[in-house]
Amino acid sequence: MDPVATSPRRLAVLISGAGTNLQALIDAQNTSSLPNTRIVLVLSNRKNARGLIRASTALPPIPTAYLGLQPFIKSNPGKTREDYDVEVARIVLRAKPDAVVCAGWMHIVSEGFLDVFKGTRVLEGEELLAREVPVINIHPALFGQFDGAHAIERGFEAFQKGEVDELGVMVHRVVKEVDRGEPLIQRRVEVVKGEAIEAYEGRLHKVEWEIIVEATRIVLDEVQPPLSSDGSS
C-alpha cells in the first residue's frame, strides 16, 4: 500500500473565539466528511479563546498554541505586526500542515504570512516547503458583499433596509486583499424581514459548520488524495 496515500492529511486551524467552526472540523476529522485527516495544531491570538479548550479536551487532545499580537510586540521591542505574522507562520509551519484553515481568526494576515505558505519565502532555520500549503478562511457574507469585520450585523441591517436581496456565507482562499480570495464554496442563508438578528445568526452558523468542512476537504484533496483514492486522476 502506498504510504503517501495512506498518511493522514494534516490540518492546522487558526481561531480567536468560541471555536464552533473548529468543533465542526474536530467532529468531521476521520469521518466520511474528512477522511484520513488529523488536526495537528490549533493556534489562537486570544489567550482565553474557548476554542483552545475544545482542542485540548478533544479525544485525542489536539496540540494548541497561543500568540497574541500586543503581548508579542511588548515583549519584542522594535518588532512589528508583520513580524508577528511571520512568527505565527513559523509556529504553524512547524506543525507541517497540508492546509491551514482560518476558522474565526480575527486577525488580517500580512502578505509575509502568505508568502511562507506559498513557498516563496523561507524562514531562517526552517525547511523549504515542497509545495504550496493552501490557506482558507470562512467569512459570513457572500463574495464581494460585506468584506471585513462585523459582516453579519452589516449584512442583516442592509437586508432589513432593503439594500440587498440575499445574504450568505462563504469559504475562500486567503489572499492579501481582505475577503477577496477565490470562493471555494458560497451558500445563501435564509433571512426574514423583521426577524431578530439572533434567528438569522443561528441559521448562518449551521451553514458555516457544513461548508467549512466541505471546503477543507476540497483543498486537502487538491494536495493529497484521500485514503479511498485508487490513485487515478
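Residues numbered from 1 in each chain as written. Predicted model: local features only at pLDDT ≥ 70, side-chain atom pairs only at ≥ 80, totals over all residues. Heavy atoms only, no water.

Identification of the protein chain as phosphoribosylglycinamide formyltransferase 1 from Suillus fuscotomentosus is taken from an unreviewed UniProt entry. Annotation of the protein chain in UniProt includes, under Sequence similarities (unreviewed entry), the sentence "Belongs to the GART family." Quoted verbatim from the Pathway (unreviewed entry) field of UniProt, the annotation for the protein chain is "Purine metabolism; IMP biosynthesis via de novo pathway; N(2)-formyl-N(1)-(5-phospho-D-ribosyl)glycinamide from N(1)-(5-phospho-D-ribosyl)glycinamide (10-formyl THF route): step 1/1." (UniProt positions renumbered as here; feature names shortened; annotations may be inferred.)

Participant: How would you summarise the UniProt feature "domain: Formyl transferase N-terminal" (unreviewed entry) in the protein chain if you had to cite specific residues and measurements?
Facilitator: Under the present numbering, the feature "domain: Formyl transferase N-terminal" (unreviewed entry) in UniProt falls on residues 10–216. Secondary structure content for residues 10–216 is 36% helix and 19% strand, while the C-alpha to C-alpha distance between its ends is 11 Å. (Helix = DSSP H or I, 4+ residues; strand = E, 2+ residues; numbered from the N terminus.)

Participant: Would you mind going over the pairing of strand β1 (residues 9–15) in detail, with residue names and values included?
Facilitator: Of all 7 residues making up β1, 6 are buried, and the element is well covered by its neighbours. Of the pairings in the sheet, the one linking β1 to strand β2 (residues 37–44) comprises 7 bridges and is parallel in character. Along β2, the bridge assignment pairs Leu11 with Ile39. At this point the chain moves from β1, through helix α2 (residues 20–28), to the parallel β2, and the crossover so formed is right-handed. Sheet analysis places β1 next to strand β4 (residues 99–102), joined by 4 bridges and oriented parallel. Bridging across to β4, Leu14 finds its partner in Cys102. (Buried < 20%, exposed > 50% of the residue type's maximum accessible area, 1.4 Å probe, protein only. Pairing = 2+ DSSP bridges. Right-handed = clockwise from strand over helix to strand, strands pointing away.)

Participant: Summarise the packing of α2 against helix α8 (residues 197–223); cite the residues concerned and give the values.
Facilitator: With their axes 9 Å apart at the nearest point, α2 and α8 run at an angle of 55 degrees to one another. Considering the angle they form, α2 stands oblique to α8. As for the relative orientation of α2 and α8, their crossing is right-handed in sense. Contacts from Thr20, Asn21, Ala24, Leu25 and Ala28 of α2 reach α8 at Glu208, Trp209, Ile212, Val213 and Thr216. (Axes fitted to C-alpha atoms, helices over the stretch in contact; angles between N-to-C directions. Parallel < 35°, antiparallel > 145°, perpendicular 65-115°, else oblique. Left-handed = near helix turned anticlockwise from the far one by under 90°. Contact = heavy atoms within 4.5 Å.)

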